[in-house]
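Summary of structural features
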Amino acid sequence: MNRRLFKERTILFTLYGFTVCGCLVLAVILATVFMKGAPAISGAFLFEESRNFGLEGGIFYQIAGTLILMMGAALVCLPVALGSVLFQTEFLHSPQVKKIFRLLIYSLNAVPTIIFGLIGYLFFGVFLEAGVSWVTGVLILAVMILPTLHVSIHEAVESIPKHYREAGLALGLSPGQQMRAVILPQSLHGIVTGTLLGLARAAGETAAIMFTATAFSGVRLPQSWTEPVTTLQTHILLLAQEAANPEALTNAWGAGLVLMTIVFVLITVTLWIRSGLEMEAQR
Amino acid sequence: MNLKQKFSEKGPAFWWTGFAALISSGTIFILFISLVIESIPVFKAQGISFLWGTDWFAGEAYGALPMIFGSLMVTGIAVVMVLPFALGSAILTSEFLSGRLRLMVKAAMELLAGVPGIIYGLMGIALLTVWVRDVFGLIDGNTLFTAGFLLAVMILPTVMTLSEDALRSVPGEFRDTALSLGLTRMEMVFKVVVPQALPGLAGAVFLGVGRAMGETIAVMLVIGGIDRIPQPWFNLFAAGQSIPSKIGREAAEALGFDVQWSALIALGLVLFVMVMTLTSAGNILLRKAR
């Protein structure tokens, strides 16, 4: 075997090694969470309220709290993201302004989530007087997932063929009619995948809500606008800090398994929709 | 046509989308301005020395240096550890894998990117700290190194996916030319494709670093939480504190209008400026690559 070939093989082998390690990380995470979490899961665990600071009982209200926050956030965020994209694609014409707009959205995407928590609390908690409550949490998460929805919807709208728009214009549609009849139906997949990814991101977020929207124990469903909720994320955080206690750890893994299942289902559906579209495009 | 007429003939669609656009583009400015305004009290109390003070005693003195140091340290560790894995797998995936395998690796990365930070935190506190303690013979596994290791895993999918995109955006003709000149495929990759994609690869790393710097929850659980620069400073196996973990630990007790709250916001401002610098650099590099 000559030296060049030997070098080629060695490097390729190393690259395979790195890639396999990278993918193994995912496998290890999945396996660990599943193996450690599965023993905790039972009907009672899923449908009972937690007792004794989460050491006993289930995680029913935690699941409910996570669902409330993520769905609320997506509901608040969707109209804003959609409107913002449509303004950018339908009413802005200068490429310079579009570029700046994009840059602002990308910057927002990079803001550390804890900063959303800090400033979000000032705005929604103090100025809107919502305090530490689920409403504050929903609004903070809505701002946080805005770039996720924005980018996804924007891509879908941009990829609408030009002649679809021209056909609409030729029929004399006003911009509003054009949006309703042409752009929204044609970009529906982007809206759906963007929302799913946004939901996944909101479900996995802890830092932005831990001191602005949640209480650690003794909370059920909120009865008013200004009550805190309890969530899976903060429940795990609470239990993780008692890692020396095996009961706490078992329940933390159980809650982690439920949380990760929620997130992975959302992402998998997104990937599935996208790969379906790609296959259609290749045909 | 004067301006008034021009605006009055716009339909309602213009106004509601315009309002939404104003919200989404204005948020970043609101964040920045709020951070600046709210951090004024601590700068009034401490002066600019807030930035290089080394003591933080709530109610007495606020010094940000240990937290800034900790953030830079864990991020640095994370980058050094993630680089070979992210770039290696990006090169393999983009240049050597078949379409089907490539999609599988990308899907795995997408899933990995979605794993919630708190899950990493839980794995860190339940497993990684114990391993680090036993492997390196420490008294306590909550160290800067542990946090950096965890961050490396967390930013792997970001850096890998973006690097892979950068490599794939190198036109196929470059590869064909290199191969026709008699280069092996590996020579082609390292002498032609990688140099061409270099700005994009650098951009990917910068964006990853930005994400690592802002990560709160996982770091908070394993970094040890001591506001001190380790002695000597390059001792990776000492407990420390990063900016987000400091904010995460103290925000709940300081919630309101105290100097302590202002000091936390000022920390947030420092973090914001650092992350934005990195991310802007990354975005500029990525755009150049396209």
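Residues numbered from 1 in each chain as written. Chains lettered and ligands numbered in written order. Predicted model: local features only at pLDDT ≥ 70, side-chain atom pairs only at ≥ 80, totals over all residues.

1. Here's the deal with the overall build of chain B
A count of helices and strands for chain B gives twelve helices and zero strands. Walking chain B from its N terminus toward its C terminus, one meets helices and strands in the order α-α-α-α-α-α-α-α-α-α-α-α. Counting only residues that meet the buried cut, chain B has 52% of its 290 residues in that class. Considering only contacts in chain B between residues 6 or more positions apart, those separated by 24 or more positions represent 75%. (Helix = DSSP H or I, 4+ residues; strand = E, 2+ residues; numbered from the N terminus. Buried ≥ 20, exposed ≤ 12 C-beta atoms within 10 Å, placed from the backbone. Contact = placed C-beta atoms within 7 Å.)

2. With respect to the overall build of chain A
When helices and strands are tallied, chain A shows eleven helices and two strands. Counting helices and strands in the order they occur from the N terminus, chain A gives α-α-β-β-α-α-α-α-α-α-α-α-α. Taking the principal axes of the C-alpha coordinates as reference, chain A spans close to 75 × 65 × 35 Å. Looking at chain A as a whole, 46% of its 283 residues qualify as buried. Taking the intrachain contacts of chain A between residues at least 6 apart in sequence as the baseline, contacts between residues at least 24 apart amount to 74%.

3. Let's talk about the packing of helix α3 (residues 60-91) of chain A against helix α2 (residues 12-38) of chain B
Viewed as axis vectors pointing N to C, α3(A) and α2(B) meet at an angle of 110 degrees, and their least axial separation amounts to 7 Å. Of the possible angle classes, the one that applies to α3(A) and α2(B) is roughly perpendicular. In this structure, α3(A) contributes A:P79, A:V80, A:A81, A:G83, A:S84, A:L86, A:F87, A:Q88 and A:F91 to the contact, and α2(B) contributes B:F14, B:W16, B:T17, B:G18, B:F19, B:A20, B:A21, B:I23 and B:S24. (Axes fitted to C-alpha atoms, helices over the stretch in contact; angles between N-to-C directions. Parallel < 35°, antiparallel > 145°, perpendicular 65-115°, else oblique.)

4. Some details on the nonpolar core
Counting residues in each nonpolar core, the largest one holds 173 residues, and the members touching the most others are A:L69, A:A73, A:L141, B:L150, B:L151 and B:L156. Broken down by element, this core gets its largest block of residues, 16 residues, from helix α7 (residues 144-168) of chain B. Of the domains in this structure, domain 1 (3-40) and domain 2 (43-282) of chain A are the two that each give at least three residues to this core. With residues up to four places along the chain from it excluded, the contact list for B:L150 reads B:Y120, B:G124, B:L128, B:A218 and B:V222. (Core = buried A, V, L, I, M, F, W, Y, C linked by C-beta atoms within 7 Å. Domains from an automatic or database assignment.)

5. Some words on helix α9 (residues 188-203) of chain A
Residues and elements named next belong to chain A. Taking 1.5 Å as the rise per residue, α9 with 16 residues should run 22 Å; its terminal C-alpha atoms sit 22 Å apart, in good agreement. Burial analysis of α9 places twelve of its 16 residues in the buried class, which makes it a mostly covered element. Those residues of α9 not exposed but buried are G190, T193, G194, T195, L196, L197, G198, L199, A200, R201, A202 and A203. (Expected span 1.5 Å × (residues − 1).)

6. Side note on the domain arrangement of chain A
Quoted interface sizes are often the accessible area lost when the parts come together. Residues and elements named next belong to chain A. As assigned here, chain A comprises domain 1 (3-40) and domain 2 (43-282). For domain 1 versus domain 2, the separation of C-alpha centres amounts to 31 Å. Tallying the contact residues gives seven residues for domain 1 and eight residues for domain 2. Among the residues making up the side of domain 1 that touches domain 2, the classes are represented as five nonpolar, one polar and one charged. (Nonpolar A, V, L, I, M, F, W, Y, C, P; charged D, E, K, R; others polar.)

7. Concerning the interface of chain A and chain B
Residue-level contacts link 71 residues of chain A with 70 residues of chain B. Elements that contribute at least two residues to the side of chain A that touches chain B include exactly α1 (3-37), α3, α4 (95-110), α5 (113-127), α6 (134-158), α8 (175-186), α10 (232-240) and α11 (246-282) of chain A. If one sorts the elements of the side of chain A that touches chain B by residue count, α1(A) sits on top with 18 residues. Classifying every residue of the side of chain A that touches chain B gives 51 nonpolar, 17 polar and three charged.

8. Comments concerning unusual backbone geometry
For A:E129, which is not glycine, the phi dihedral falls at a positive 55 degrees. Assignment of secondary structure puts A:E129 in the loop between α5 and α6.

9. A closer look at the packing of α3(A) against α9(A)
Residues and elements named next belong to chain A. Between α3 and α9, the shortest axis-to-axis distance is 9 Å and the interhelical angle comes to 140 degrees. With respect to α9, the axis of α3 lies oblique. As for how α3 packs across α9, the hand of that crossing is right-handed. Here T66, L69, M70, A73, A74, C77, L78 and L82 of α3 lie close against α9, whose contacting residues are I191, T195, G198, L199, A202 and A203. (Left-handed = near helix turned anticlockwise from the far one by under 90°.)

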